[in-house]
Amino acid sequence: MKTRLIRQTLAVATAAACLWAAGPAAAQEPLKIGFVYVSPVGEAGWSWQQDVGRKYMEQQLGDKIKTQYVENVPEGADAERVIRDLAQQGNKLIFTTSFGFMNPTIKVARQFPDVKFVHSTGYKTAPNVATTNARFYQARYVAGILAGRKTQTGIVGYVAAYPIPEVLQGVNAFTRGLRSVKPDATVRVIMVNSWFDPGKERDAALALLDQGADIVTHHTDSTATVQAAEERGKWAIAYHSDMLKFGPHAQLGAVTHHWGKYFTREARAMLDGTWKSDQVWGGFKEGMVALEGFGPAVDDALKTELKAKEDAIADGSLNVFAAPIKTNEGKVVLTQGALDDKGLNAMDYYVEGVVGKLNKN
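Treat the numbers as computed from the prediction; the structure is a model and nothing was measured. (Residues numbered from 1 in each chain as written. Predicted model: local features only at pLDDT ≥ 70, side-chain atom pairs only at ≥ 80, totals over all residues. Heavy atoms only, no water.)

(A) Summary view of the packing of aromatic side chains. The final tally for this structure, using the stated rule, is 15 aromatic pairs. Summarising the aromatic geometry, the rings of Trp46 and Trp259 are spaced 6.0 Å apart at their centres and angled 80° between planes, so their arrangement reads as edge-to-face. A residue pair is termed long-range when its members are at least 10 positions apart, and Trp46 in helix H2 (residues 46-61) and Trp259 in the loop between strand E10 (251-257) and helix H9 (260-272) qualify at 213 residues. Each member of the pair, Trp46 as well as Trp259, carries the same accessibility label: buried. An aromatic cluster is built from Phe35, Tyr37, Trp46, Tyr69, Phe95, Phe136, Tyr239, Trp259, Tyr262 and Phe263, whose rings are joined through pairwise contacts. Here the basic side chain of Arg135 rests over the ring of Trp281, its NZ or CZ set 4.0 Å away from the ring centre. Here the guanidinium or amino end of Arg140 rests over the ring plane of Tyr239, the centre of that ring lying 3.8 Å away. (Phe/Tyr/Trp six-rings, centres within 6.5 Å; stacked < 30°, edge-to-face > 60°. Helix = DSSP H or I, 4+ residues; strand = E, 2+ residues; numbered from the N terminus. Buried < 20%, exposed > 50% of the residue type's maximum accessible area, 1.4 Å probe, protein only. Lys NZ or Arg CZ within 6 Å of the ring centre and 35° of its normal.)

Quick look at the structure:
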């Protein structure tokens, strides 16, 4: 009896010791999440706004996750190396945040089927690759109205990155918004063939101002366009994030995007085992785009007008790309209805009101 009692006591003690020892190891490790940024985080711009979303996700999920990022990663071979390295480091969810990261993401995803990837602005998916984008063009349309109400010369300059559908949607939506309130206004575009090159962006902005533009905007990552307008005493509409501190007199407003809630949703899906590959494209209705950061030149009456247009786009009563649509070379694109997502993602033309020929090379 005494021997049996000793054995039972030893068994209980051993079990307790094992549970104590296993406790810390058994605690769930935080989900490791990696981000790849095409430009420096800096103080404003595309990668800055992505990083704002990352920080929001950290605030929401706390010690359930652990994040890291690599900034200023060129598109191409370097991107593939960085993405693979993040996967090898144990990141189970990786956000690749530039259009040119699409093919490297797909390639690395094949090599790491247990890792989930989310690619921004692309269109290729896989069982472990989702895509996301914001309907920037919706806010661009409203920004065009803002420009139309403020321009005196009727010429607006647009510094753009590449002639791809995402960028052309923005140029064309902005032009349609502009001409909805100032039908004779025109938009002049300079493609700089780079997402982030402050020198080229500045030169392009100054060239557009020299051509008579009294407002400039951009689809590039730096603050150079806004700063050029500030130096010249002209107006600017910022992109990606609020750049008012870089152009306190120049900035009329900023077309911004907001990723925090989306990032958080994807991370939560990973944590609870419900993640799946999908394609998310959100606009005003989903809170993924905004027109904000209004400067001193925008009065309350104009803000009210712009907000009404936002609400109409959000509830579907206003479609940015409703017919009729013609190219700036006179070709009829659409006679009735509105462009669907397939049409938007195949956009390869400038609409009426854009000056110049589109170089697609």
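(B) Structural context of the sheet that holds strand E9 (residues 235-240). Pairing within the open sheet is mixed, and its 7 strands lie in the order E12-E10-E9-E8-E6-E7-E15. Of all strands in the sheet, those with a lone pairing partner are strand E12 (289-292) and strand E15 (354-355), marking the two edges. Note: strand E7 (residues 186-191) against E15, 2 bridges, orientation parallel. What sits directly across from Val187, in E15, is Val354. Contacting strand E6 (155-160), strand E8 (215-219), E9, E10 and E12, helix H5 (residues 136-150) crosses the sheet at an angle of about 175° to E10. (Pairing = 2+ DSSP bridges. Contact = heavy atoms within 4.5 Å. Axes fitted to C-alpha atoms, helices over the stretch in contact; angles between N-to-C directions.)

(C) Inspection of the pattern of salt bridges at higher detail. Counted according to the given criterion, the structure contains 15 salt bridges. A salt bridge links Asp114 to Lys92; its shortest N-O distance comes to 2.8 Å. On the criterion of sequence distance, the pair formed by Asp114 in the loop between helix H4 (102-111) and strand E4 (116-120) and Lys92 in the loop between helix H3 (77-88) and strand E3 (93-96) is long-range, its members being 22 residues apart. A residue is classified by how much of its surface remains accessible, and Asp114, at 45% relative accessible area, is partly exposed. By relative accessible area, which is 32% here, Lys92 ends up partly exposed. Put simply, Arg135 and Asp341 hold a salt bridge, and the shortest N to O gap is 3.0 Å. Placement of the pair is Arg135 in the loop between strand E5 (129-134) and H5 and Asp341 in helix H11 (residues 341-345), with a sequence separation of 206 residues. On the accessibility criterion, Arg135 (13% relative accessible area) is buried. The partly exposed category is assigned to Asp341, whose relative accessible area is 35%. Here the residues in one salt-bridge network are Asp51, Arg54, Lys55 and Glu58, joined through shared partners. (Salt bridge = Lys/Arg side-chain N within 4 Å of Asp/Glu carboxyl O.)

(D) How the structure looks around the sheet that holds strand E11 (residues 279-282). With respect to topology, 6 strands assemble into an open sheet ordered E2-E1-E3-E4-E5-E11, the strand pairing being parallel. The open sheet is flanked by strand E2 (65-70) and E11, the only strands paired with a single partner. Recorded for the sheet is a direction-independent mean angle of 15° between the axes of neighbouring strands. Where strand E1 (residues 31-36) lies against E2, 6 bridges are found, and the strand directions are parallel. Bridge pairing in E2 links Val36 to Val70. Sheet strands in contact with H4 are E3, E4 and E5, and its direction is about 170° off that of E4.

(E) Seen up close, the layout of surface pockets. Counted as a void, the largest pocket has a volume near 360 Å³. Lining the largest pocket are 16 residues; nearest its centre among them are Thr121, Gly122, Tyr123, Asn133 and Asn345. For the lining of the largest pocket, the secondary-structure elements that each account for two or more residues are E5, helix H6 (165-181), E11 and H11. Grouping the constituent residues of the lining of the largest pocket by class yields 6 nonpolar, 8 polar and 2 charged. (1 Å grid on protein atoms, 1.4 Å probe; cavity = no way out; pocket = protein on both sides within 12 Å on 5 of 7 lines; lining within 4 Å. Points joined across faces, edges and corners; volume = space filled by probe spheres on them. Nonpolar A, V, L, I, M, F, W, Y, C, P; charged D, E, K, R; others polar.)

(F) Quick peek at the environment of Ser222. Tracing the backbone shows Ser222 in the loop between E8 and helix H8 (224-232). We classify Ser222 as buried; its relative accessible area is 6%. Once the C-alpha coordinates of Ser222 and Phe196 are considered, the two residues, 26 residues apart in sequence, prove to be 6.1 Å apart. Residues within four places of Ser222 in sequence aside, it is in contact with Phe196, Pro198, Glu201 and Met243. Polar side-chain contacts of Ser222 include one of 2.7 Å to the side chain of Glu201. (Polar contact = N/O pair within 3.5 Å; in protein donor to acceptor, adjacent residues only side chain to side chain.)

(G) Geometry of the environment of Phe174. Along the chain, Phe174 falls in helix H6. A relative accessible area of 0% means that Phe174 is categorised as buried. Sequence separation between Phe174 and Ala143 is 31 residues, and the spatial gap between their C-alpha atoms is 6.4 Å. Once residues within four sequence positions are removed from consideration, Phe174 is found in contact with Arg140, Tyr141, Ala143, Gly144, Ala147, Val156, Tyr158, Val187, Thr217 and Ile237.

So far we have only geometry, and geometry alone does not tell us how the molecule works.
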